[in-house]
Amino acid sequence: MKYNSLSQNDKKEMLKTIGISSPDKLFDSIPDDIKLKKDLNIPSALSEPETWDTFNELASKNSPETPLSFLGGGAYLHYIPAAVDYLSSRGEFVSPYTPYQAEVSQGTLHLIFEFQTMICQLTGMDISNASLYDGASGAAEAVLMSHRIQRKPKILIPKTLHPHYRQVIQTYTKNLGLEIQEVSYDESGQMDTSELKKKLDKETSAVVCQSPNFFGVIEDLEVISKLAHESDALSISVVAEASSLGILKSPGEMGADIVTGEAQSFGIPLSFGGPYLGFMSCRKDFLRQFPGRISGQTKDVDGKRGFVLTLSTREQHIRRERATSNICTNQALCMLRATIFLELLGKKGMREWAWQNIQKASYANKVLTDIKGVESRFSGQIYNEFVIKTEKKWRQIQEELKKKNIVPGISLEKYYPELKGCGLVCVTETRKKKDIDTLAEAFEDLLKS
Amino acid sequence: MIRERLIFEISDEGKKGFSFPKLDVPESKTVTENFPLRDEIKDFPQVSELEVVRHFTRLSQTNYCIDKGIYPLGSCTMKYNPKLNEKIAQIPSFLSSHPYSDQEMMQGNLKVLKTMEDLLAEVTGMDAFTSQPAAGAQGELVGMMLIRAYLEAKGDPRKFVFIPDSAHGTNPSSAHICGYKVKEIKSNQQGTVDLDDLEKNMNEDTAAIMITNPNTLGVFENQIKEVSDLVHSQGGLVYMDGANMNALMGICRPGDMGVDVMHLNLHKTFSTPHGGGGPGAGPVGVKSILEPYLPIPRVIKQNNHYLFHSDYPKSIGRIHGFYGNFLVVVKALAYVLSQGPDGLREVSETAVLNSNYIRKSLEKEFHLEYKTPTLHECVFSDKLQKKHQVSNLDIAKRLIDLGAHPPTMSFPLIVHGALMTEPTETESKADLDLFIQAMKQIAKEAEENPEVLKSAPHHSYVRRLDEATAARNPKLRWEP
């Protein structure tokens, strides 16, 4: 299926206007010896119905029916209100470019401004950008930003930070002479603050803290920020499960200087890991070092309110190698989904949502750990995920439960060799009581045998 | 026209746009006793579902978009986004896949990634691809990291990266994050890389050149082979920014020109929608010498079975939280399969035809700084209109009144008052003519009635906005 709109007549006429006889002449500026002398070796063109069939067949190679899943770990199954899909499918949102020409992009700029406002309200910060790629690159950008502000070589990241985020931070910082040191966790599943104290020194630019952390445990960000500040380091808060912002004290209230994270939970489907939505906010003192696009309010010549992309002297297209980030295209359409989602849920809905996540996970944690042979691995407070430990290998549990079309959670051994037999179970508001009971029964059956 | 208010301004206590089911597990009031709980989210919106729907519907109507008309932003490749591809990306099995799912249960997704990586390798003449980078700029960053890792393994990462003065700003910025110093290479009178300047500067401290081909003037770098031979002769590598690949598909391949590593923008060449600024995808292709360094995890095929593989000790590591913008890759694969080899070639031929038609039709009215033949885009300037104190900004804003989206402004930096124009292959002749007529009218107005340009736009939802004040007194969030 071709999507060109020229007729043969059009082409003839246009070639005539240009003054050439054949379209081949258009490529005369390409040296002959590098021109392709044969067709590309790719499958022949498909019609629309054939393409549709091809992808349905591809999709059918995934698991035939949706399993009862308790997977989380930075990607969360939440209900998405119908209006989110409906509104975000509008061509006026899907098919424009980045809003460089503000006068014909007010819709996008206006909603970015609302998104920025809500991110500030949720995180307790002064300024927010229009999005970053995802939580992992957000964490890396926050680390780079703290280094630009502080100019000190050391960054402390906890082992309770999402393992992929830690890897991406390593990748981003590798060539810049930064020293990334990891801080272990204690029996509560929180960052080990006594180790943190030892590692914090005058050479530390920032301390990173994810809360709820990768184990689902709520960190004491207040204490961590205080320790960071005492050593003249910045406190970077990472939020991988953004629904928690509806009920937990905002990172800003707990002393964070930069907040970043993953907002996939705000109306974005799981989509095999992407596209997702990185967000970032910070205190206004750091505005000049802040990465990414920002929408700002202004007026037109008639005095009417309008919005523009602003403070672009921080960005690559103006500042080039001295820019605060190389980011250009971000995740605008995902940001739109999040904006619609947040406005639908509203003040009361956000709290209710987070409350249900806590209640469901708490119930699941209780019924699972009531089973003989299943125990909590950590003693800390949990949000909507928790780590349990059994005698069996988690891989084995996964294999057994697969037969019942249940996915019990993520095996932690791959990331934490010391956590043998441990799994990370996630229970969001979408899991009904009977789903949780089904999971518990499956565990009970398995551990009896 | 209704002036759309901010959602916070129509919010009122107790309104709701969504309801949750009643909690079906025993509720424990004490479970949060030791939580750091927040007070209610101050000033957070409270509106009904209908209010949200009308708010976003009205906001959408103030946007210009490709579904509405020609969008000739240079180097942005604003082509039509086929609706089938959107429908395909909504197939529940793609949409609901959790990234931590068992690979056995994700064979379809893995096949999508692997198939796309193989097809892109064939289209570009490279040996291997990764689809992990989430956008072009992240692809550039990955590409430069690969170069650095490769040179480090050989003993010296070197110091400098050469970048032509016509390059996109992401190039120097990406090189910088890789720890390189940027040296700018001049363009010659044809608008291509000045080989003499390059030769003078090239030495064993140079890690790489980052070159865009065709470059941002729309000019094919016809000495690309000489450039790459020169850089290779001193042990450096060649990075190609593939933002303008829409000019070359089926015509020639970067892999055949001496390019060692490149990125593509799926949201440009491969028709996935821009979404008002993303999500895109910036897959990176490499020659085999760089393959061991590609980001992990990689998708491989073993005995007709697909799996993620991470055991690459030389890899630069992970660059994305999971596997990149998967659904964008799905859409782009649908595009490639629907085009086939002749379709992709026709895409590039038509894109170049459309661009040259615009260039020829406007060459009397608008100055072309470089007379060199161009491919998929051309860069006019406001030089002729400047005589009447009319700038490229005025021209752009007037185009809005006349129903077209303006070209890219003030870029590349080597053309003063630039209007970088790229129509893409999907425009009809009628829409190209509409743009040409609008530009001709503007040229005439510049001579006869420049005021109408300087005060443009006249008919848009807002008129010309004060960008200076926005930057001087930043108001970046709503406050009561």
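From a predicted model like this one, the values you see are computed outputs, not experimental measurements.

A. Summary view of the overall build of chain A. Within chain A, the secondary structure is distributed over 13 helices and 15 strands. Summarising its shape, the C-alpha atoms of chain A cover approximately 85 × 55 × 50 Å along the three principal directions. A fraction of 71% describes how many contacts in chain A between residues 6 or more apart in sequence connect residues 24 or more apart.

B. Fine view of the packing of helix α11 (residues 392-401) of chain B against helix α12 (residues 429-448) of chain B. All names here are of chain B. The interhelical angle for the contact between α11 and α12, taken along N-to-C directions, is 125 degrees, at an axis separation of 10 Å. One element, α11, and the other, α12, form an angle in the oblique class. Considering the relative orientation of α11 and α12, their crossing is right-handed. Residue-level inspection shows Ile395, Arg398 and Leu399 of α11 in contact with α12, the latter providing Phe435, Ala438, Met439, Gln441, Ile442 and Glu445. The class makeup of the residues in the contact of α11 with α12 is six nonpolar, one polar and two charged.

C. Structural detail: the pattern of salt bridges. In this structure the tally under the stated criterion is 54 salt bridges over all chains. The partner of lysine 397 of chain B in a salt bridge is glutamate 103 of chain A, with the nearest N and O atoms 2.7 Å apart. You can see lysine 397 of chain B sitting in helix α11 and its partner glutamate 103 of chain A sitting in the loop between α4 (91-94) and α5 (106-123), one on each of two chains. The burial state of lysine 397 of chain B is the same as that of glutamate 103 of chain A; both residues are buried. Ionic pairing is found between aspartate 382 of chain B and lysine 386 of chain B, a salt bridge with its closest N-O pair at 3.3 Å. Residue lysine 386 of chain B is classed as partly exposed on the basis of its relative accessible area of 38%. Connected through shared salt-bridge partners, Lys2 and Lys11 of chain A together with Asp342 and Glu346 of chain B make up one network.

D. Representation of the interface of chain B and chain A in the model. Chain B puts 206 residues into the contact, and the matching count from chain A is 182 residues. Here chain B and chain A share an interface that buries about 17,000 Å² over both sides, 64% of which is from carbon and sulfur atoms. Looking at the side of chain B facing chain A, the largest losses of area belong to Arg38, Tyr100 and Leu476 of chain B, adding up to 5% of the total buried there. In this structure, the salt-bridge partner of arginine 305 of chain A is glutamate 9 of chain B, at a minimum N-O distance of 2.8 Å. Viewed at the interface, chain A and chain B are joined by 92 residue pairs in polar contact (both at pLDDT 80 or more). The biggest single contributor to the side of chain B that touches chain A is helix α9 (residues 326-362) of chain B, with 29 residues. For the side of chain B that touches chain A, the per-class residue count stands at 103 nonpolar, 57 polar and 46 charged.

E. Structural view of unusual backbone geometry. Look at the link from serine 211 of chain A to proline 212 of chain A: it is a cis peptide, with omega at -10 degrees. A cis amide bond links phenylalanine 411 of chain B with the next residue in sequence, proline 412 of chain B, at an omega value of 0 degrees. Checked against the element boundaries, proline 412 of chain B lands in the loop between β12 (408-409) and β13 (418-421). One non-glycine residue, serine 75 of chain B, lies in positive phi territory at about 65 degrees. On the secondary structure map, serine 75 of chain B appears in the loop between α1 (49-60) and α2 (83-89). A relative accessible area of 8% places serine 75 of chain B in the buried class. Here serine 271 of chain B, not a glycine, exhibits a phi torsion of approximately 70 degrees, which is positive. Residue position: serine 271 of chain B is located in the loop between β6 (261-263) and β7 (284-286). For serine 271 of chain B, a relative accessible area of 2% puts it in the buried group.

F. Up close: the pairing of strand β9 (residues 305-309) of chain B. In terms of strand pairing, strand β8 (residues 298-302) of chain B meets β9 of chain B through five bridges, oriented antiparallel. From the neighbouring strand, lysine 301 of chain B faces β9 of chain B, where its bridge partner is tyrosine 306 of chain B.

G. Local environment of the nonpolar core. Ranked by internal contacts, the top residues of the largest apolar core, which has 238 residues, are Phe55, Phe215, Phe266 and Phe443 of chain A together with Phe94 of chain B. It is helix α11 (residues 332-369) of chain A that provides the largest number of residues to this core, a total of 20 residues. Apart from residues no more than four positions distant in its own chain, phenylalanine 443 of chain A is found in contact with Leu368, Ile371, Val374, Ile388, Thr390, Trp394, Ile397, Leu401 and Pro408 of chain A. Ile258, Met280 and Ile294 of chain A together with Ile163 of chain B belong to the second-largest nonpolar core, a separate cluster that totals 68 residues.

H. Inspection of the state of the cysteines at higher detail. With the rule as written, the count across this model stands at zero disulfides over all chains. Left unpaired, cysteine 178 of chain B is separated from the closest cysteine sulfur, that of cysteine 328 of chain A, by 17 Å. For cysteine 178 of chain B, a relative accessible area of 0% translates into the label buried. Between cysteine 378 of chain B, a free cysteine, and cysteine 76 of chain B, which holds the nearest cysteine sulfur, the sulfur-to-sulfur gap is 14 Å.

I. The arrangement of the environment of phenylalanine 272 of chain A in detail. For phenylalanine 272 of chain A, the position within the fold is in the loop between β7 (258-262) and β8 (278-282). Residue class for phenylalanine 272 of chain A comes out buried when judged on its relative accessible area of 1%. For the pair formed by phenylalanine 272 of chain A and alanine 75 of chain A, sequence separation is 197 residues and the distance between their alpha carbons is 8.9 Å. Excluding residues that lie within four positions of it along the chain, phenylalanine 272 of chain A makes contacts with Phe94, Ser97, His98, Pro99, Met106, Asn109, Leu110, Leu113, Phe308, Tyr323 and Phe326 of chain B.

J. How the structure looks around the domain arrangement of chain B. Residue and element names in this part refer to chain B. Split into domains, chain B comes out as domain 1 (84-338) and domain 2 (341-468). Spacing between the C-alpha centres of domain 1 and domain 2 amounts to 30 Å. Contact residues are listed per partner, giving 27 residues for domain 1 and 22 residues for domain 2. Carbon and sulfur atoms supply 65% of the area that domain 1 and domain 2 bury against each other, a total of about 1,900 Å² over both sides. Linking domain 1 to domain 2 there are zero salt bridges. Our count for the contact surface shared by domain 1 and domain 2 stands at eight residue pairs in polar contact (both at pLDDT 80 or more).

K. A look at the domain arrangement of chain A. Residues and elements named next belong to chain A. Domain boundaries in chain A define domain 1 (8-60), domain 2 (68-77 + 348-448) and domain 3 (82-341). Each of domain 2 and domain 3 has a C-alpha centre, and these two points are 28 Å apart. Counting residues at the interface gives 29 residues for domain 2, matched by 32 residues for domain 3. Summing the contributions of domain 2 and of domain 3, the shared interface buries around 2,600 Å²; its carbon and sulfur component is 63%. Three residues, Tyr76, Tyr383 and Tyr416, lead the burial of domain 2 against domain 3; their summed loss comes to 25% of the area buried on that side. At the junction of domain 2 with domain 3, the criterion picks out one salt bridge. Taking the shortest distance from any N to any O, the salt bridge between glutamate 187 and arginine 377 comes out at 3.2 Å. Where domain 2 meets domain 3, there are 14 residue pairs in polar contact (both at pLDDT 80 or more). The element best represented in the side of domain 2 that touches domain 3 is α11, accounting for seven residues. Across the side of domain 2 that touches domain 3, the residue classes tally to 18 nonpolar, seven polar and four charged.

Calculation notes
Residues numbered from 1 in each chain as written. Chains lettered and ligands numbered in written order. Predicted model: local features only at pLDDT ≥ 70, side-chain atom pairs only at ≥ 80, totals over all residues. Heavy atoms only, no water. Helix = DSSP H or I, 4+ residues; strand = E, 2+ residues; numbered from the N terminus. Contact = heavy atoms within 4.5 Å. Axes fitted to C-alpha atoms, helices over the stretch in contact; angles between N-to-C directions. Parallel < 35°, antiparallel > 145°, perpendicular 65-115°, else oblique. Left-handed = near helix turned anticlockwise from the far one by under 90°. Nonpolar A, V, L, I, M, F, W, Y, C, P; charged D, E, K, R; others polar. Salt bridge = Lys/Arg side-chain N within 4 Å of Asp/Glu carboxyl O. Buried < 20%, exposed > 50% of the residue type's maximum accessible area, 1.4 Å probe, protein only. Buried area = accessible area lost by both parts, 1.4 Å probe. Polar contact = N/O pair within 3.5 Å; in protein donor to acceptor, adjacent residues only side chain to side chain. Pairing = 2+ DSSP bridges. Core = buried A, V, L, I, M, F, W, Y, C linked by side-chain atoms within 4.5 Å. Disulfide = S-S within 2.5 Å. Domains from an automatic or database assignment.

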